[in-house]
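# Fold and contact review
Each chain is listed here by its residues.
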Amino acid sequence: MNHQVIVGDCLDVMRKMDDNSVDLVMTSPPYEAARKYGGLQFSLTSEEWVVWSMERFLECLRVSRGLVAWVVGGRTSGFRWSAAPVLLMADLHRAGVNLRNPPIYKRWGIPGSGGPDWFKGCYETIICASPTGRLAWSDSTAMGHPPKYPPGGNPSHQTVNGRVSSKEYRPPKLANPGNVIDCGAVGGGHLGSPITHENEAPYPELIPEWFV
C-alpha cells in the first residue's frame, strides 16, 4: 500500500488540502499544560485550549468526508478537573457540528493520577464527529466478536409510548463491540509497536484500528 508521511504544522498542512479529501482523521492533540510536547512549551488553560482546539477540529471536519476522532483528556490540578473535553464537545455542538456518541479509551491508569482523595484515571474520551447521515464505509461489527450469550428471548425496549417488543431475535455472527475500547496495559512495551515509544505522548495502535 502506498503511503506518505508529511511533517508540518497541522493547520498549515490541512489548509492546503481540498474539502472532503480524506476518509478519516484520527489524532490526539496536546492536552492543556500536561507536557512539554517536544519543546513546544505548550501550556494552555482549559478555556484557551478549547479555543485552540475548535479551530483545528473544524479544519479536520472540512478535509474529512468521513469520521474525525480526537483522543482527549482533561487535567486535574489542585483537586479540580478542567473539564476540557466536555467544554470542547459543548462548543462543537453549539456550532452545529454533528457529534457522535463518544467512545472511551479504557486503560490502566497511572498510580496516583486521581490524587490522594479520588479515583485514578482509567479512561480518556474520544470526541467523534462526522458529516450528517450514515457513515457509508462504516462496519460497526468489524472489531466485534461472536455473541457471548445465547438469546434469552426476544428483545424489547422502553419508549415514550410504552414498551416495544421485536417479533423475532436472530443473533448476529458478530456482536457490536460497544463504545468502550479496552486497551488494557499501556506503556512499558504494550503499545503495539516500538515506534510508538518515540512519541512523547503515544497511545496504543489498537485505538485507530477500531476506527479504520
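Residues numbered from 1 in each chain as written. Predicted model: local features only at pLDDT ≥ 70, side-chain atom pairs only at ≥ 80, totals over all residues. Heavy atoms only, no water.

### Overview of the confidence of the model for the protein chain
Counting all residues, the mean pLDDT for the protein chain is 86, and 87% of those residues have values of 70 or more. Between the elements of the protein chain, mean pLDDT differs from a low of 73, seen in strand β9 (residues 162–165), to a high of 98, seen in strand β5 (residues 99–100). (pLDDT = per-residue confidence, 0-100. Helix = DSSP H or I, 4+ residues; strand = E, 2+ residues; numbered from the N terminus.)

### Some details on the packing of aromatic side chains
Under the criterion given, the structure shown has two aromatic pairs. Ring centres of Phe57 and Trp70 lie 5.0 Å apart, and the angle between their planes is 50°; on these two criteria the pair is classed as tilted. Highlighted residues: Phe57 in helix α2 (residues 46–63) and Trp70 in strand β2 (residues 64–72), separated in sequence by 13 residues. When its relative accessible area of 0% is taken as the criterion, Phe57 is described as buried. (Phe/Tyr/Trp six-rings, centres within 6.5 Å; stacked < 30°, edge-to-face > 60°. Buried < 20%, exposed > 50% of the residue type's maximum accessible area, 1.4 Å probe, protein only.)

### What about α2?
Over its 18 residues, α2 runs 26 Å from end to end, which matches the ideal 26 Å to within 8%, given 1.5 Å per residue. Here α2 has its buried residues at Ser46, Trp49, Val50, Ser53, Met54, Arg56, Phe57, Glu59, Cys60, Leu61 and Val63. Along its buried surface, α2 packs onto α1 (10–14), β1 (22–27), β2, α3 (84–94) and β7 (123–129). (Expected span 1.5 Å × (residues − 1). Contact = heavy atoms within 4.5 Å.)

### Regarding the nonpolar core
Core analysis: the largest hydrophobic core is formed by 20 residues, its most contacted members being Trp49, Phe57, Val68, Trp70, Leu88, Leu92 and Ile127. Within the residue set of this core, elements represented by two or more residues are α2, β2, α3 and β7. For this core, the element with the most residues is α2, which contributes seven residues. Residues in contact with Leu92, not counting those within four places in the same chain, are Met54, Phe57, Leu58, Val97, Leu99 and Ile127. One finds Met26, Tyr31, Ile181 and Tyr203 within the second-largest nonpolar core, a separate group that totals 14 residues. (Core = buried A, V, L, I, M, F, W, Y, C linked by side-chain atoms within 4.5 Å.)

### Overview of the layout of surface pockets
Considered as a void within the structure, the second largest pocket measures approximately 690 Å³ in volume. Forming the boundary of the second largest pocket are 22 residues, of which Ser138, Asp139, Ser140, Trp210 and Phe211 lie nearest the centre. By residue number, the principal contributor to the lining of the second largest pocket is helix α4 (residues 206–211), which donates three residues. Considering only residue class, the lining of the second largest pocket consists of 12 nonpolar, six polar and four charged. (1 Å grid on protein atoms, 1.4 Å probe; cavity = no way out; pocket = protein on both sides within 12 Å on 5 of 7 lines; lining within 4 Å. Points joined across faces, edges and corners; volume = space filled by probe spheres on them. Nonpolar A, V, L, I, M, F, W, Y, C, P; charged D, E, K, R; others polar.)

### Notes on the environment of Ser130
Position of Ser130 relative to the elements: it lies in the loop between β7 and β8 (156–159). Between the C-alpha atom of Ser130 and that of Val97, which follows or precedes it by 33 residues, the distance is 7.9 Å. Setting aside its immediate chain neighbours within four residues, Ser130 contacts Leu61, Gly66, Leu67, Asn98, Arg100 and Leu135. Within the structure, Ser130 has its side chain in polar contact with the side chain of Arg100 (distance 3.1 Å). (Polar contact = N/O pair within 3.5 Å; in protein donor to acceptor, adjacent residues only side chain to side chain.)

### Concerning the side chain of Glu124
Structurally, Glu124 can be placed in strand β7. Here Tyr31 takes part through its side chain, which lies 2.7 Å from a polar atom of the side chain of Glu124. Within the local environment of Glu124, its side chain forms a polar contact with the side chain of Arg107, the two groups lying 3.1 Å apart. Excluding anything up to four places from it in sequence, Glu124 contacts Tyr31, Val71, Val72, Pro103, Ile104, Tyr105 and Arg107.

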